[in-house]
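Report on the structure
If you want the building blocks of each chain, they are given just below.
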Amino acid sequence: MDFAIQDSPEQTAFRVEVRAFLDKNVSPDIEHMADPCDMSFEQYQLRRDLGRALGAKGWLYPSMPKEYGGGDLSTEQIGILTDELTRIGLALPPYYDAGGRMGAPTILVWGTEEHKKRFLPPICRGEVRTWQLLTEPGAGSDLAGIKSTAIRDGDHYVVNGQKMYVGSSHGADYSWTILVTDPKGERHKNLSWLMIPMNLPGISVTPMDLLATGGEGGSGCGVKNAVFFDNVRVPAENLVGGENNGWKVATTHLEVEHGGMGRLADRRVVYDFIDLCKKREDGWAIADDPGAREELVNLYIESEITRLFAMRNHWLSHTNQPRSYEGSQYSLRRKLSGLDMGEKMVRIAGPLVLTKDKRWAPLRGSIEYFQRDSITSLHPGATTDIQRVIMARRLGIGGREREKAANLR
Ligand SMILES: Cc1cc2nc3c(=O)[nH]c(=O)nc-3n(C[C@H](O)[C@H](O)[C@H](O)COP(=O)(O)OP(=O)(O)OC[C@H]3O[C@@H](n4cnc5c(N)ncnc54)[C@H](O)[C@@H]3O)c2cc1C
């Protein structure tokens, strides 16, 4: 009996189309660095060019509706697109666009028709890049405790305050930002979201000196920033979801950020590592050792479990199935398994795996990056503690009524 999953004839045709598109549009000058934080501006621009080419076909945001610049693709087609990009070492979208990735689905739920027509097509076509601006010096896990304000003044909101740990290298065109619109209002009923053009007077961006990580799919994210707003006048029509209704809007944004829509890319570096351990050199392979074999199998299982959680969430959200704790379950698993897999790889291969030593040269130091990234990844998009808190609430553990998952449609 053959258990291998085969493409249907339609899926094969789509795979051929995707491969031909990528052959034509992925520049041969794109370099795959082990540490995406080393990416030059030129390399980043080559990825933006590919993003725009994908966007023109609706493939950069493949699950978004066509009328707003997406592709309306099925989960299977998105799987094929992601597979083909992973095969050539890229992710979808292949550059850091946190505000787009999480803001666009949120605008789809909470925006007016005018908001959708104005904000979504440029994001989906890869023409603009958008950061998400949530965290402040005194409010991370406790997002409702933010202090930065947006006060209505005629046709504008006047924004003052500071966001931190946000964005990436190479700037952004918009920031998808949560702010206090009613400073005297009740907690959770005093917040709103604004889409802020980053070229407005009064905005300054200061890179933070941190352990650099977070290059999503080779995006060269690297840097985190502090963003300061000093009497920035933002057109009132850029407020999405209604004034002081921002906590409800945040539930959708956070559901996406916490893994509710899953993802279809896998951790290719783990499979590359396993391949190298199988490689025979001077008559010997690491996988010949029974202890290493056992660890390699555990590593594979670890990676597959996370991948399956991610695929399940992708399918649940894209087919509009009931959801509960699944987003946080995947996110928690991804964070903890990242740490565990980094440790396993060093245990199997020894500390030389963290270097560009001869045997490990094909991995070019990517295990070192994987380990570093798995440490800082514990924190953003809700820490492991917060993911546990959310899971407990959704499961009804702790004497509470079961909390519902946020609306993604
Ligand atoms: C690499 C990276 C990228 C980031 N990107 C962005 C971005 O693009 N945009 C953005 O807005 N922010 C971003 N952040 C910020 C991130 O969202 C916050 O760091 C995160 O929400 C945690 O907030 P905090 O750092 O203030 O820690 P705190 O909230 O102060 O938490 C400190 C510790 O207390 C624990 N804790 C807090 N509350 C509870 C509780 N109720 N129960 C149990 N334990 C608790 C936490 O788990 C943590 O261990 C990024 C952070 C990092 C590290």
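Computed from a predicted model, the values in this text were never measured in an experiment. (Residues numbered from 1 in each chain as written. Predicted model: local features only at pLDDT ≥ 70, side-chain atom pairs only at ≥ 80, totals over all residues. Heavy atoms only, no water.)

**What about the overall build of the protein chain?**
Of regular secondary structure, the protein chain possesses eleven helices and eight strands. A globule of 409 residues ought to have a C-alpha radius of gyration of about 22 Å, and the protein chain, at 22 Å, matches this closely. The dimensions of the protein chain, computed from C-alpha atoms along their principal axes, are 75 × 50 × 45 Å. Scored against the burial criterion, the 409 residues of the protein chain give a buried share of 52%. Within the protein chain, residue pairs in contact and separated by at least 24 positions form 75% of the contacts whose partners lie at least 6 positions apart. (Helix = DSSP H or I, 4+ residues; strand = E, 2+ residues; numbered from the N terminus. Rg over C-alpha atoms; globule rule 2.2 N^0.38 Å. Buried < 20%, exposed > 50% of the residue type's maximum accessible area, 1.4 Å probe, protein only. Contact = heavy atoms within 4.5 Å.)

**What about the packing of aromatic side chains?**
Two aromatic rings are characterised by how far apart their centres lie and by the angle between their planes. Across all of its chains, the model carries seven aromatic pairs by this definition. Between Phe21 and Trp59 the ring centres are 5.2 Å apart and the planes differ by 70 degrees, which places this aromatic pair in the edge-to-face class. In this pair, Phe21 sits in helix H1 (residues 9-25) while Trp59 sits in the loop between helix H2 (41-56) and helix H3 (75-87), placing the two residues 38 residues apart along the sequence. The same class applies to Phe21 as to Trp59, namely buried. Measuring from centroid to centroid gives 5.5 Å for Phe273 and Trp360, while their planes differ by 15 degrees, and the two rings are stacked. Here the residue Phe273 occupies a position in helix H7 (residues 268-278), and Trp360 occupies one in the loop between helix H9 (326-349) and helix H10 (366-376), the gap between them amounting to 87 residues. (Phe/Tyr/Trp six-rings, centres within 6.5 Å; stacked < 30°, edge-to-face > 60°.)

**Some details on the pattern of salt bridges**
For the structure shown, the criterion picks out 26 salt bridges. Two residues, Glu281 and Lys358, come together in a salt bridge whose shortest N-O distance is 3.7 Å. Of the two residues, Glu281 is situated in the loop between H7 and helix H8 (290-318) and Lys358 in the loop between H9 and H10; the sequence distance between them amounts to 77 residues. Classification of Glu281 by relative accessible area gives partly exposed; the value is 27%. Where salt bridges share partners, they join Asp7, Arg15, Arg19, Asp83, Glu84 and Arg87 into one cluster. (Salt bridge = Lys/Arg side-chain N within 4 Å of Asp/Glu carboxyl O.)

**Some thoughts on the site of the ligand**
Taken together, 17 residues lie near the ligand, and Thr135, Ser141, Tyr165, Thr383 and Asp385 sit nearest. Interatomic distance of 2.6 Å between a side-chain N/O atom of Ser141 and an oxygen atom of the ligand. Between Tyr165 and the ligand, the recorded distance is 3.1 Å, taken from a backbone N or O atom to a nitrogen atom. Contributions of two or more residues to the shell around the ligand are made by strand S1 (130-133), strand S3 (156-166) and helix H11 (384-395). Top contributing element to the shell around the ligand by residue count: H11, with three residues. Residue classes in the shell around the ligand are distributed as eight nonpolar, seven polar and two charged. (Near = heavy atom within 4 Å. Polar contact = N/O pair within 3.5 Å; in protein donor to acceptor, adjacent residues only side chain to side chain. Nonpolar A, V, L, I, M, F, W, Y, C, P; charged D, E, K, R; others polar.)

**A closer look at the pairing of S3**
When strand S2 (residues 149-153) meets S3, the two strands line up antiparallel, connected through five bridges. Among the inter-strand pairings, Ile151 is bridged to a residue of S3, identified as Val158. Counted between consecutive antiparallel strands, the loop separating S2 from S3 contains two residues, among which Gly154 sits at a positive phi close to 65 degrees. (Pairing = 2+ DSSP bridges.)

**Some remarks on the packing of H7 against H9**
Remark: H7 packs on H9, axes separated minimally by 12 Å, with the N-to-C direction vectors making an angle of 15 degrees. Classified by the interaxial angle, the pair formed by H7 and H9 is roughly parallel. Note on packing geometry: the crossing formed by H7 with H9 is left-handed. Judged by residue contacts, Val270, Phe273 and Cys277 of H7 engage Met341, Met345, Ile348 and Ala349 from H9. In terms of residue class, the contact of H7 with H9 is built from seven nonpolar, no polar and no charged. (Axes fitted to C-alpha atoms, helices over the stretch in contact; angles between N-to-C directions. Parallel < 35°, antiparallel > 145°, perpendicular 65-115°, else oblique. Left-handed = near helix turned anticlockwise from the far one by under 90°.)

**Comments concerning unusual backbone geometry**
Positive phi, close to 75 degrees, is recorded for His188, a residue that is not glycine. Mapping His188 onto the fold places it in the loop between strand S4 (174-180) and strand S5 (191-197). Classification of His188 as partly exposed rests on a relative accessible area of 32%. Phi at Asn320 takes a positive value of approximately 60 degrees, unusual for a residue other than glycine.

**Description of the nonpolar core**
Counting residues in each nonpolar core, the largest one holds 42 residues, and the members touching the most others are Trp59, Ile107, Ile146, Trp176, Ile178 and Trp193. Those elements giving two or more residues to this core turn out to be H1, H2, H3, helix H4 (98-110), helix H5 (113-124), S4, S5 and helix H6 (246-257). Dropping the residues within four chain positions of it, Ile107 is found in contact with His115, Lys116, Phe119, Leu120, Trp176, Met195 and Val240. Val269, Val270, Ala292 and Met345 belong to the second-largest nonpolar core, a separate cluster that totals 20 residues. (Core = buried A, V, L, I, M, F, W, Y, C linked by side-chain atoms within 4.5 Å.)

**Considerations on H2**
Taking 1.5 Å of rise per residue, the 16 residues of H2 would be expected to cover 22 Å, and the 22 Å separating its terminal C-alpha atoms lies within 8% of that figure. Where H2 is concerned, the buried positions are Gln43, Tyr44, Arg47, Arg48, Leu50, Gly51, Ala53, Leu54 and Gly55. One or two steps after H2, the chain reaches Gly58, where phi turns positive at roughly 85 degrees. (Expected span 1.5 Å × (residues − 1).)

**Details of the environment of His115**
Secondary-structure assignment places His115 in helix H5. Linking His115 and Asp153, residues 38 residues apart in sequence, is a C-alpha distance of 21 Å. What His115 contacts, discounting residues up to four positions off in sequence, is Ile107, Leu120, Glu237, Leu239 and Val240.

**A few points about the side chain of Gln387**
Tracing the backbone through its elements, the reader meets Gln387 in helix H11. Under the relative-accessibility criterion, Gln387 is labelled buried at 0%. If we ignore the near neighbours within four places in the chain, the residues touching Gln387 are His258, Ser328, Ser331, Leu332, Lys335, Gly381 and Ala382.

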